[in-house]
Amino acid sequence: MIITVKNNTQFPILLNGTLLPGYYTTMPVTPISPEKYTTYNIGSSTAAGAGTYGGNAWLVVLDTPGDTWSFATGCSYNGTVAPPHNKPRAGVAESSDPKDGNSAARLKGNSIISTDTFKDKDGKNIKFIASASFDETGTAVFTVYTTHASA
């Protein structure tokens, strides 16, 4: 399964934990620099063509020392079952536990907004938004960005 994580923020994102019963066929590159992305593949530890699932925990590192935001991504795929029955899933959760990302996986993905408010590089209040979806090729795409927030 192909997975892309897009960092549309002004802060680096670090990989902070993994739930993967299978293996990475290509590893995620971290940190994910601001306005960049990483694409990686996961495979099944069982028979060829079998489905796979997994989750990763990520950490957005803000400019203020010790200030971070955690989110988890997860996805699953039923393997060689032909569409539309293969039902890939992707999801995101506000959590530092990769299991929560896997549990959040849905057919059409989902999106979340950070509970807490943070400061951007200009001192303005922001919240983080993370979304899970699929592109036209079936790649699971997780996008993280910010929005201005009231105090």
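Further up the page is the structure itself.
Because the structure is predicted, anything quoted here is derived from the model rather than measured.

J.: Is there a simple way to think about the packing of aromatic side chains in this case?
T.: When we look at a pair of aromatic rings, we describe it by the centre distance and by the angle of the planes. In this structure the tally under the stated criterion is 4 aromatic pairs. Seen from their ring centres, Trp69 and Phe71 are 5.3 Å apart, and the 20° between their planes marks the pair as stacked. Phe71 matches Trp69 in its accessibility class, with the two residues each being buried. Aromatic pair Trp69 and Phe128: ring centres 5.1 Å apart, planes at 5°, arrangement stacked. A residue pair is termed long-range when its members are at least 10 positions apart, and Trp69 in strand S6 (residues 68-77) and Phe128 in strand S10 (residues 125-134) qualify at 59 residues. The exposure class assigned to Phe128 is buried, which follows from its relative accessible area of 0%. Members of the aromatic cluster, joined through ring pairs, are Phe11, Trp69, Phe71, Phe118 and Phe128.

J.: Would you mind showing me how to read the sheet that holds strand S2 (residues 13-19) here?
T.: Read across the open sheet, the 4 strands follow the order S2-S5-S6-S7; overall the sheet is antiparallel. On the outer flanks of this sheet lie S2 and strand S7 (89-93), each paired with one strand and no other. Averaged over all pairs of adjacent strands, the angle between strand axes in this sheet comes to 20°, irrespective of strand direction. Of the pairings in the sheet, the one linking S6 to S7 comprises 5 bridges and is antiparallel in character. When the sheet's bridge partners are listed, Gly74 is paired in S7 with Gly91.

J.: Please explain the pairing of strand S11 (residues 140-148) as it appears in this structure.
T.: Remark: a regular strand shows side chains that alternate across the two faces of the sheet. Two strands pair when backbone bridges link them, and strand S1 (residues 2-8) and S11 are joined in this way by 6 bridges, in the parallel orientation. Its bridge partner being in S11, Val5 is matched across the sheet by Phe142. In this sheet, S11 lies alongside S10 in antiparallel orientation, the contact comprising 9 bridges. From the neighbouring strand, Ile129 faces S11, where its bridge partner is Tyr145. Remark: 5 residues form the turn of the hairpin made by S10 and S11, two consecutive strands paired antiparallel; Gly138 in that turn has positive phi of roughly 90°.

J.: Would you mind showing me how to read unusual backbone geometry here?
T.: Across residues other than glycine, the phi torsion is negative in most instances, and most of the peptide bonds are trans. For the peptide bond that leads from Thr30 to Pro31, omega is 5°, which places it in the cis range. Here Pro31 lies in the loop between strand S3 (23-26) and strand S4 (36-43). Phi angles above zero are rare outside glycine, and Glu35 is one such case at about 65°. Positionally, Glu35 belongs in the loop between S3 and S4.

Definitions and limits used
Along every chain, residues carry numbers that run from 1 in the direction the sequence is written. A pLDDT threshold of at least 70 governs which residues receive local features in this predicted model, and a stricter bar of 80 or more applies before side-chain atom pairs are shown or counted, although totals over entire chains, interfaces and linings include all residues. Computation of side-chain values: all heavy atoms of the structure, hydrogens and water removed. When two rings of Phe, Tyr or Trp (its six-membered ring) have centres within 6.5 Å they constitute a pair, described as stacked for plane angles under 30 degrees, edge-to-face for angles over 60, and tilted for the intermediate range. Three exposure classes are used, based on accessible area relative to the maximum for each residue type with a 1.4 Å probe and protein chains only: buried under 20%, partly exposed in between, and exposed over 50%. Numbering of helices and strands starts at the N terminus; helices are DSSP runs of H or I of at least 4 residues and strands are runs of E of at least 2. Here, strands pair whenever DSSP counts at least two bridges between them. Where helices are involved, their axes are fitted lines through C-alpha atoms of the stretch in contact, as for all axes, and angles between N-to-C directions lie from 0 to 180°.

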